[in-house]
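The primary structure of each chain is shown beneath.
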Amino acid sequence: HTGGIDWILRYANSTFATDGYLAFSHTSLNARDRVTGFAGRLYAGKIAGEHWVYASTYDFTSRDYSVNDVGFFLRPSDHGGYSQVQYQELNAPGILRRYYVRLATDYRWNFDNINLIKNFEFNPTFELKNFWMLGASFQGNFRSYDDRETRGRGLYRRPSGIQLKFSVETDPRPIAVGKYSATFLSTEKGGKTFLAFADITFRPVPWTELTANLLYGSTINEEAWVIPYGNLLPDTTVFGNRETKQYSATVGGTITFTRNLTLQIYGQLFLAKGHYDAFRRMISPSSFANFDAAFRARLSALGLTPDFNEQIFNANVVLRWEYLPGSTIYLVWTQARSGFDEDYFTSFTKNITNSFKLPADNVFLVKITYWWSL
């Protein structure tokens, strides 16, 4: 069962709002026992104004709340929220059209009072007179705990770190529109991540839109539980330095022949690989002992390696025809290719070539609907 509130107040040039809900579930664990769980959320803030806007939200889900009965939430058995304050200038001087400067913080705990998330973010955004958007973000992540990283063998203390992000979006009105971003993450234990994204959209004619984007990500020295063998030995939890690389290329588009006839296309190539080194045994949530030689010997004896190299290609084409108002025919073709091996050191070029040599699963579908007016 759920109950909620929703309230908006407008005063002068400002708008204030609050909303929320309270839910509970009553679920059978077995034929004899039933448990009751609760979940809730409360939001309040000033959502519109000349210069200052702000908001804060708090939510919780108890241990016994059942998502199968009521609602949706990210994870059970935690509580926390998000708060932000923003200063905005909607008629900025000089080369700027408008700008926003936002400060925000995110915070969560489980019901054992273990801090799971604690960070803050500074985020300025500028819109120029030519309608280009420039954005930046500085995020500081404080030390906190992860109660899932060890897959059931206790807490892991995440290192603190900083994250920087820069983004550019071009004027959305021309034939070609671009979006670009770069993200840098560094942790106190030497982990470093770089993520770059580029997207371009073409609208050569009003009835056609084509989009292509590229993504590249690289991580080194990331302290992480060894997937999937971190708990291979009894009462031993093994971490290592993880190095990963990922590549993604996506193309898609829509061609509108008439108001009732459209063609949609989509294709994506995704490559991801990872390598582990410097194995160590967890002693406490924040301390480790060298375990490199012993763990390597154990993996070798079993013929195992935690390294991975994954290639995925997906494509689909959909022709949609609304032959009568509310009645449609869909013609669909999809292709999926997926491969996995343990050779991290395969070259990027060879991975691309191998992706298109993988066995393909092709599916052809026809879906017809007819609308009856009652």
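Up top is the structure these notes are about.
An account of the accompanying structure is given in this report. Keep in mind that this is a model prediction, so the values were computed, not measured.

What counts and how
- Residues numbered from 1 in each chain as written.
- Predicted model: local features only at pLDDT ≥ 70, side-chain atom pairs only at ≥ 80, totals over all residues.
- Heavy atoms only, no water.
- Helix = DSSP H or I, 4+ residues; strand = E, 2+ residues; numbered from the N terminus.
- Buried < 20%, exposed > 50% of the residue type's maximum accessible area, 1.4 Å probe, protein only.
- Contact = heavy atoms within 4.5 Å.
- Lys, Arg positive; Asp, Glu negative; His and termini not counted.
- Charge placed at Lys NZ, Arg CZ, Asp CG, Glu CD.
- Phe/Tyr/Trp six-rings, centres within 6.5 Å; stacked < 30°, edge-to-face > 60°.
- Polar contact = N/O pair within 3.5 Å; in protein donor to acceptor, adjacent residues only side chain to side chain.
- Pairing = 2+ DSSP bridges.
- Salt bridge = Lys/Arg side-chain N within 4 Å of Asp/Glu carboxyl O.
- Core = buried A, V, L, I, M, F, W, Y, C linked by side-chain atoms within 4.5 Å.
- Arc of directions from axis to C-beta.
- Patch = residues over 30% accessible without salt bridge, like charges linked within 9 Å, V, L, I, M, F, W, Y side chains within 5 Å.
- Areas by Shrake-Rupley, 256 points an atom, 1.4 Å probe, with all protein chains shown as cover.

Some points on the overall build of the protein chain
And step 1. A count of helices and strands for the protein chain gives two helices and 20 strands.
And step 2. With the C-alpha coordinates aligned to their principal axes, the bounding extent of the protein chain is approximately 65 × 60 × 55 Å.
And step 3. Of all 374 residues assigned to the protein chain, the portion counted as buried reaches 35%.
And step 4. Put simply, of all contacts in the protein chain between residues at least 6 apart along the chain, 53% involve residues at least 24 apart.
And step 5. In the protein chain, the 38 positive side-chain charges and the 34 negative ones have mean positions that sit 2 Å from each other.

Some thoughts on the packing of aromatic side chains
And step 1. In total, this model carries 19 aromatic pairs according to the counting rule given.
And step 2. Summarising the aromatic geometry, the rings of tryptophan 321 and tyrosine 323 are spaced 5.7 Å apart at their centres and angled 55° between planes, so their arrangement reads as tilted.
And step 3. Residue classification places tryptophan 321 among the partly exposed positions, given a relative accessible area of 43%.
And step 4. One aromatic cluster is present, formed by Phe184, Phe194, Tyr216, Tyr247 and Phe348 through successive ring pairs.

Section: the side chain of histidine 79
And step 1. Looking at the element boundaries, histidine 79 is found in strand S5 (residues 78-89).
And step 2. Residue classification places histidine 79 among the buried residues on the basis of a relative accessible area of 17%.
And step 3. A distance of 3.2 Å separates the side chain of histidine 79 from the side chain of tyrosine 58, its partner in a polar contact.

Notes on the pairing of strand S17 (residues 287-290)
And step 1. Judged from the four bridges that link them, strand S16 (residues 261-284) and S17 form a sheet pairing that is antiparallel. Bridge pairing links arginine 281 to alanine 289 in S17.
And step 2. In sequence, S16 turns back onto S17 through a hairpin of two residues.

Quick look at the environment of threonine 211
And step 1. With respect to the helices, strands and loops of the structure, threonine 211 is situated in strand S14 (residues 208-225).
And step 2. Measuring from C-alpha to C-alpha, the distance between threonine 211 and valine 363 comes to 24 Å, with 152 residues separating the pair along the chain.
And step 3. At 3.3 Å, the side chain of threonine 211 and the side chain of threonine 201 are in polar contact.

Things to note about the pattern of salt bridges
And step 1. A complete count under the given rule lists 18 salt bridges for this structure.
And step 2. Across the pair arginine 102 and glutamate 121 runs a salt bridge, and its minimum N-O distance is 3.5 Å. Within this pair, whereas arginine 102 is found in strand S6 (residues 96-110), its partner glutamate 121 is found in strand S7 (residues 115-128), the two being separated by 19 residues in sequence.
And step 3. What makes glutamate 121 buried here is its relative accessible area of 17%.
And step 4. Here the salt bridges share partners, and the residues they tie into one network are Asp59, Asp78 and Arg108.

Details of the nonpolar core
And step 1. Core analysis: the largest hydrophobic core is formed by nine residues, namely Val226, Tyr229, Leu233, Val238, Tyr276, Phe279, Phe291, Phe295 and Leu299.
And step 2. The set of elements that each furnish at least two residues to this core consists of S16 and helix H1 (292-302).
And step 3. Once you skip the residues sitting within four places of it in the chain, phenylalanine 291 turns out to touch Leu233, Thr236, Val238, Phe279, Arg280 and Arg281.
And step 4. By size, the runner-up hydrophobic cluster in this structure holds five residues, among which are Leu269, Leu271, Phe313 and Ala315.

Focus on the pairing of strand S19 (residues 327-341)
And step 1. Sheet topology places strand S18 (residues 308-324) next to S19; 14 bridges connect them, and they run antiparallel. Looking across to S19, one finds that glutamate 310 is bridged to phenylalanine 340.
And step 2. Connecting S18 to the next strand, S19, in antiparallel fashion are two residues, including glycine 326 with a positive phi near 85°.
And step 3. By the bridge criterion, nine bridges tie S19 to strand S20 (residues 360-368) in an arrangement that is antiparallel. Paired with tryptophan 333 across the two strands is phenylalanine 364, which belongs to S20.

Remarks on H1
And step 1. Restricting attention to buried positions, one finds in H1 the residues Asp292, Phe295 and Leu299. Angular distribution of buried residues about the axis of H1 spans 75°; they occupy a single face of the element. Set apart from the buried face of H1 by more than 90 degrees, the exposed residues are Ala293, Ser300 and Ala301.
And step 2. Close packing links the buried residues of H1 with strand S15 (238-258), S16 and S17.
And step 3. Downstream of H1 by one or two residues, glycine 303 has phi in the positive range, about 70°.

Notes on a nonpolar patch on the surface
And step 1. A cluster of nonpolar side chains, contributed by Trp52, Tyr54, Val85, Leu103 and Phe122, occupies part of the molecular surface with about 470 Å² of accessible area.
And step 2. You can see valine 85 is positioned in strand S5.
And step 3. Valine 85 sits in the partly exposed class, given a relative accessible area of 31%.

A word on the side chain of threonine 57
And step 1. Along the polypeptide, threonine 57 turns up in strand S4 (residues 52-61).
And step 2. Excluding residues that lie within four positions of it along the chain, threonine 57 makes contacts with Arg41, Leu42, Tyr43, Gly80, Gly81, Tyr82 and Tyr107.

Considerations on unusual backbone geometry
And step 1. Across the junction of isoleucine 227 and proline 228, the peptide omega takes the value 0°, indicating a cis bond.
And step 2. Its place among the elements puts proline 228 in the loop between S14 and S15.

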